[in-house]
Amino acid sequence: MKRKLFPSQQRALLILGDQIRMARLRRDFTTEQVAERSGIGRSTLVKIEKGDEGVSIGMYYRVLLTLGLGDDITLLAKDDVLGRKIQDAKIDVRQRASKK
C-alpha cells in the first residue's frame, strides 16, 4: 500500500516543480527540448513540473542538470541543524583528571 504524503510535503513538491518550471521558462526552453536533453519523456517532465511524488529523484536530477542547476541538489540537507543537535547531545564529553 502506497503511503500518502502529508499536505505540507505535497506543497513542498509543488513548489519544487514550479521552481523547475520557472527555471525552464526563464531559459526559454520548451518542454520538448528539456525532455529530450534530459533523456526523459515529455509526460515525465510535465509530472516533474507538477511536483508528482511518483517520479524518481533521478529524473528530477536529470532535469536540473539540463537546466544548469545540477549543483543545487547538493544543497539538500546541507545544514542539518536537527541532526547536528541530536549528534551533539549523544557525544560524551570526557574530562581529564588533574595531574596532581
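Everything quoted here is computed from the prediction, not taken from an experiment.

## Comments concerning the overall build of the chain
Next, step 1: In terms of regular secondary structure, the chain is built from five helices and zero strands.
Next, step 2: Ordered by position in the sequence, the α and β elements of the chain form the string α-α-α-α-α.
Next, step 3: Since a compact globule built from 100 residues should have a radius of gyration of about 13 Å, the 21 Å found for the chain marks it as more spread out than a globular shape.
Next, step 4: With the C-alpha coordinates of the chain rotated into their principal frame, the extents come out at 75 × 35 × 20 Å.
Next, step 5: Counting all 100 residues of the chain, 21% fall into the buried class.
Next, step 6: Considering only intrachain contacts with a sequence separation of at least 6, the fraction spanning at least 24 residues in the chain is 49%.
Next, step 7: Across the chain, the mean location of the 21 positive side-chain charges is 7 Å away from that of the 13 negative side-chain charges.

## Let's talk about the packing of helix α1 (residues 7–26) against helix α4 (residues 57–66)
Next, step 1: Two elements in contact, α1 and α4, have axes whose closest approach is 11 Å; the angle formed by their N-to-C orientations is 30°. Considered as vectors, α1 and α4 are oriented roughly parallel to each other. Handedness of the crossing formed by α1 with α4: left-handed. Across from Leu13, Leu16 and Ile20 in α1, the residues of α4 making contact are Tyr60, Val63 and Leu64.
Next, step 2: Residue composition of the contact of α1 with α4, grouped by class: six nonpolar, no polar and no charged.

## Topic: the packing of aromatic side chains
Next, step 1: According to the stated counting rule, one finds zero aromatic pairs in the structure shown.
Next, step 2: In this structure, Arg37 is placed above the aromatic ring of Phe29, and the distance from its NZ or CZ to the ring centre is 4.8 Å.

## Description of unusual backbone geometry
With glycine set apart, most residues show a phi of negative sign, and most peptide bonds adopt trans.
Next, step 1: Look at Asp28: it is not a glycine, yet its phi comes out positive at around 60°.
Next, step 2: Residue placement: Asp28 occurs in the loop between α1 and α2 (31–38).

## Points about the packing of α2 against helix α3 (residues 42–49)
Next, step 1: Contact geometry of α2 with α3 gives a least axis separation of 8 Å together with a crossing angle of 105°. When the axis of α2 is compared with that of α3, the two are roughly perpendicular. Of α3, the residues touching α2 (which contributes Thr31, Glu32, Val34 and Ala35) are Arg42, Leu45 and Glu49.
Next, step 2: Looking at the contact of α2 with α3 residue by residue, the class counts come to three nonpolar, one polar and three charged.

## So, the nonpolar core
Next, step 1: Counting 14 residues, the largest nonpolar core has Ile20, Val34, Ile40, Leu45, Ile48, Val63 and Leu67 as its most contacted members.
Next, step 2: Residue assignment for this core shows that the elements contributing at least two residues are α1, α2, α3 and α4.
Next, step 3: Counting residues per element, this core draws most heavily on α4, at three residues.
Next, step 4: The contact partners of Ile40, leaving out residues within four places of it in the chain, are Ala35, Leu45, Ile48, Met59, Arg62 and Val63.

What counts as what
Residues numbered from 1 in each chain as written. Predicted model: local features only at pLDDT ≥ 70, side-chain atom pairs only at ≥ 80, totals over all residues. Heavy atoms only, no water. Helix = DSSP H or I, 4+ residues; strand = E, 2+ residues; numbered from the N terminus. Rg over C-alpha atoms; globule rule 2.2 N^0.38 Å. Buried < 20%, exposed > 50% of the residue type's maximum accessible area, 1.4 Å probe, protein only. Contact = heavy atoms within 4.5 Å. Lys, Arg positive; Asp, Glu negative; His and termini not counted. Charge placed at Lys NZ, Arg CZ, Asp CG, Glu CD. Axes fitted to C-alpha atoms, helices over the stretch in contact; angles between N-to-C directions. Parallel < 35°, antiparallel > 145°, perpendicular 65-115°, else oblique. Left-handed = near helix turned anticlockwise from the far one by under 90°. Nonpolar A, V, L, I, M, F, W, Y, C, P; charged D, E, K, R; others polar. Phe/Tyr/Trp six-rings, centres within 6.5 Å; stacked < 30°, edge-to-face > 60°. Lys NZ or Arg CZ within 6 Å of the ring centre and 35° of its normal. Core = buried A, V, L, I, M, F, W, Y, C linked by side-chain atoms within 4.5 Å.

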